[in-house]
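Survey of secondary and tertiary structure
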Amino acid sequence: MGAAGERPLNEVQFLTVAEVASVMRVSKMTVYRLVHSGHLPAIRVGRSFRVPEQAVHEYLRESYVGVETA
């Protein structure tokens, strides 16, 4: 097992770029930009990318902007 909190590879769920785009409600091009810029980790499978599902949830959690009420 790798770093603390990482799951074994046989338990990791990978999503396609289209699935990530659907979850995030953005275009596939936006997902490709996030992958190429390094903001969203991915592995290459042939000519396509697969993104760990947990990475998508972490990215959304880190990017969340809460609204403060007075």
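In short, a report on the structure. (Residues numbered from 1 in each chain as written. Predicted model: local features only at pLDDT ≥ 70, side-chain atom pairs only at ≥ 80, totals over all residues. Heavy atoms only, no water.)

1. Describing the overall build of the protein
- Looking only at helices and strands, the protein has three helices and three strands in total.
- Scanning the protein from its N terminus toward the C terminus, one meets helices and strands in the order β-α-α-β-β-α.
- Across the 70 residues of the protein, 21% fall into the buried class.
- Within the protein, counting contacts between residues at least 6 apart in sequence, those at least 24 apart form 43% of the total. (Helix = DSSP H or I, 4+ residues; strand = E, 2+ residues; numbered from the N terminus. Buried < 20%, exposed > 50% of the residue type's maximum accessible area, 1.4 Å probe, protein only. Contact = heavy atoms within 4.5 Å.)

2. Thoughts on the packing of helix 1 (residues 17–24) against helix 3 (residues 53–63)
- Two numbers describe how helix 1 lies on helix 3: the axes approach to 11 Å, and their chain directions differ by 30 degrees. For helix 1 against helix 3, the interelement crossing comes out right-handed. Within the contact between the two elements, helix 1 uses Val-20, Val-23 and Met-24 and helix 3 uses Val-56, Tyr-59 and Leu-60.
- By residue class, the composition of the contact of helix 1 with helix 3 is six nonpolar, no polar and no charged. (Axes fitted to C-alpha atoms, helices over the stretch in contact; angles between N-to-C directions. Left-handed = near helix turned anticlockwise from the far one by under 90°. Nonpolar A, V, L, I, M, F, W, Y, C, P; charged D, E, K, R; others polar.)

3. Quick look at the packing of aromatic side chains
- Summed over the entire model, instances satisfying the criterion amount to one aromatic pair.
- Taking the centre distance of 6.3 Å and the plane angle of 65 degrees together, the rings of Tyr-32 and Phe-49 count as edge-to-face. Residue Tyr-32 is found in helix 2 (residues 28–37), and its partner Phe-49 is found in strand 3 (residues 48–52); the two are separated by 17 residues along the sequence. (Phe/Tyr/Trp six-rings, centres within 6.5 Å; stacked < 30°, edge-to-face > 60°.)

4. A word on unusual backbone geometry
- Despite not being glycine, Arg-25 has its phi angle at roughly 55 degrees, a positive value.
- Among the secondary structure elements, Arg-25 is positioned in the loop between helix 1 and helix 2.

5. Considerations on the sheet that holds strand 1 (residues 14–16)
- Pairing in this open sheet of three strands is antiparallel, and the strands run 1-3-2 from one edge to the other. One side of each edge strand has no neighbouring strand; the edge strands of this open sheet are strand 1 and strand 2 (43–45). The sheet shows a mean angle of 40 degrees between the axes of neighbouring strands, direction not considered.
- Sheet topology note: the strand 2/strand 3 ladder contains three bridges and is antiparallel. Bridge assignment links Arg-44 to a residue of strand 3, and that residue is Phe-49.
- Set on the sheet, helix 3 makes contact with strand 1 and strand 3; between it and strand 3 the angle comes to about 65 degrees. (Pairing = 2+ DSSP bridges.)

6. Section: the pairing of strand 3
- Taken together, the three bridges between strand 1 and strand 3 define a ladder with antiparallel strand orientation. Residue pairing in the sheet places Thr-16 in a bridge with Arg-50 of strand 3.
- Where strand 2 folds back onto strand 3 in an antiparallel hairpin, the turn is made up of two residues, including Gly-46, whose phi is positive at roughly 65 degrees.

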